[in-house]
Amino acid sequence: MVERFCTMMPTDPEIMGFLSDFEKKGVDIIWSNSIVQTPAVIMKGLHKLGLAGKMVHMANLWAPADQLLEVVGPGGAEGYMCPQPVFIPSAEPDAPGVKFARMLNEKYRKEAGMPNIQYIRGIRIKANMLEGVRRALVGIMKRDKVNLAAACERITGKDVKELGLQTLAGYTARDMTTKFQSAPAGKDDRRLANHDRLIGIKNGKVTVLSPWYKVPRLIPDAMTQQGLFKDEQINIHYVPVK
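Residues numbered from 1 in each chain as written. Predicted model: local features only at pLDDT ≥ 70, side-chain atom pairs only at ≥ 80, totals over all residues. Heavy atoms only, no water.

Sorry if this is basic, but what is going on with the packing of aromatic side chains here?
The geometry of an aromatic ring pair comes down to the distance between the two centres and the angle between the two planes. Throughout the structure, instances matching the rule amount to two aromatic pairs. For the ring pair Tyr213 and Tyr238, a centre distance of 5.4 Å and an interplane angle of 65 degrees mean the geometry is edge-to-face. Here Tyr213 is found in strand β6 (residues 213–214), whereas its partner Tyr238 is found in the loop between α8 (221–225) and β7 (239–240), with 25 residues between them in sequence. Since its relative accessible area comes to 59%, Tyr238 is described here as exposed. Between Arg121 and the ring centre of Trp62, over which it is positioned, the NZ or CZ distance is 4.4 Å. (Phe/Tyr/Trp six-rings, centres within 6.5 Å; stacked < 30°, edge-to-face > 60°. Helix = DSSP H or I, 4+ residues; strand = E, 2+ residues; numbered from the N terminus. Buried < 20%, exposed > 50% of the residue type's maximum accessible area, 1.4 Å probe, protein only. Lys NZ or Arg CZ within 6 Å of the ring centre and 35° of its normal.)

Below, the structure is given as structure tokens:
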């Protein structure tokens, strides 16, 4: 219905003006494509204006619910939602991946309040990169009949993508994420997470709100017209999995 951009770091007056305009236009869902500062100000504004029951606010995975809860507190964060592709430390403390992340923090980082969602996501992306390179090296050794040292000399980005990243379907990165995650589906695909869950603040706590679901693959028409993604079967629906 309407799109707005913050002119600088989001401020209460600017966001409050947007929200008042949204109310007049009958907006009932707000999506913010930003790190946590913007949704934090939006959530505070919704509660100040009494709009929290009228408008749902969701943001991207770069604004995790646990971080927002720390910024604005339980009252201001209530009702907030965001998708996440990993297990959630504050809601799932006994999940195997969360236990592994806690061990890493206690052994190396030793930072209070960790692991949080971003910590888990960081482990996952590093594990994906390392595993992608490891598989590529193994693939080169088998393909070219060479030893590890020679494989390290000749490895390319194409090798990492085709022999490594494109084989990571089902790789859970030390149980940071679900086994349903895919590998890149085609030569133009760069995704290593095509399954999320909806995470939010409910009764003042970080809560898992949905089962795992396959996310839609939304591609601009201009890109398909350029001939991109022809080798993929494009899913445009939310598909719950068990």
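I would appreciate a short explanation of the pattern of salt bridges in the present structure.
Once their charged atoms are close, side chains differing in charge can pair, the charge on each being opposite to the other. Under the criterion given, the structure shown has 11 salt bridges. Between Lys25 and Asp21 there is a salt bridge; the shortest N-O distance is 2.9 Å. Separated by four residues within a single helix, Lys25 and Asp21 lie in helix α1 (residues 12–25), roughly one turn from each other. Measuring nitrogen to oxygen at the nearest pair gives 2.7 Å for the salt bridge that ties Glu111 to Arg109. Several salt bridges converge on common partners, so that one network encompasses Arg143, Asp144, Arg154 and Asp159. (Salt bridge = Lys/Arg side-chain N within 4 Å of Asp/Glu carboxyl O.)

Explain α1 here, please?
An α-helix turns once per 3.6 residues; consequently, residues spaced three or four apart project the same way. Between its terminal C-alpha atoms α1 stretches 20 Å, which fits the 20 Å expected from 14 residues at 1.5 Å a residue. Of the surrounding secondary structure, the elements contacted by the buried residues of α1 are β1 (29–32) and α2 (37–48). A positive backbone phi angle near 80 degrees is found at Gly26, which sits one or two residues after α1. (Expected span 1.5 Å × (residues − 1). Contact = heavy atoms within 4.5 Å.)

I would appreciate a short explanation of the packing of α2 against helix α3 (residues 65–77) in the present structure.
Contact geometry of α2 with α3 gives a least axis separation of 10 Å together with a crossing angle of 15 degrees. Between α2 and α3, the crossing angle belongs to the class labelled roughly parallel. Considering only the axes of α2 and α3, their crossing is left-handed. In contact with Pro39, Ala40, Met43, Lys44 and His47 of α2, α3 contributes Leu68, Val71, Val72, Gly75, Gly76 and Ala77. Considered class by class, the residues forming the contact of α2 with α3 number seven nonpolar, three polar and one charged. (Axes fitted to C-alpha atoms, helices over the stretch in contact; angles between N-to-C directions. Parallel < 35°, antiparallel > 145°, perpendicular 65-115°, else oblique. Left-handed = near helix turned anticlockwise from the far one by under 90°. Nonpolar A, V, L, I, M, F, W, Y, C, P; charged D, E, K, R; others polar.)

Would you mind going over the side chain of Asn116 with me for this structure?
Relative to the elements of secondary structure, Asn116 occurs in the loop between α4 (96–109) and α5 (117–144). Polar contacts involving the side chain of Asn116 include one to the main-chain amide nitrogen of Tyr119, which spans 2.9 Å. When residues no more than four places from it in sequence are discounted, the contact partners of Asn116 are Asp66 and Pro89. (Polar contact = N/O pair within 3.5 Å; in protein donor to acceptor, adjacent residues only side chain to side chain.)

Can you walk me through the pairing of strand β2 (residues 56–59) in this structure?
The side chains of a regular strand alternate between the sheet's two faces. What you see with β2 is a clean split: His57 and Ala59 sit on the buried side and Val56 and Met58 on the side with no burial. With four bridges joining them, β1 and β2 adopt parallel strand pairing. Looking across to β2, one finds that Ile30 is bridged to His57. Between the parallel pair β1 and β2, the chain is carried across by α2, and the sense of this crossover is right-handed. (Pairing = 2+ DSSP bridges. Right-handed = clockwise from strand over helix to strand, strands pointing away.)

Hey, could you run me through the state of the cysteines in this one?
Disulfide: a covalent bond formed between the sulfur atoms of two cysteine residues. Here the structure, examined in full by the defined rule, presents zero disulfides. Of all cysteine sulfurs, the one in Cys82 lies closest to Cys6, which takes part in no disulfide; the gap is 18 Å. The exposure class of Cys6 is partly exposed, given its relative accessible area of 30%. (Disulfide = S-S within 2.5 Å.)

Explain the nonpolar core to me, please; I cannot follow it from the model alone.
Counting residues in each nonpolar core, the largest one holds 42 residues, and the members touching the most others are Leu19, Ile30, Leu46, Leu68 and Tyr80. Mapped onto this core, the elements with two or more residues apiece are α1, α2, α3, α4, α5 and β4 (195–202). In contact with Leu19, other than residues within four places in its own chain, are Ile30, Ile42, Gly45, Leu46, Leu49, Leu51 and Met55. (Core = buried A, V, L, I, M, F, W, Y, C linked by side-chain atoms within 4.5 Å.)

On their own, these measurements won't tell you what the molecule is for.
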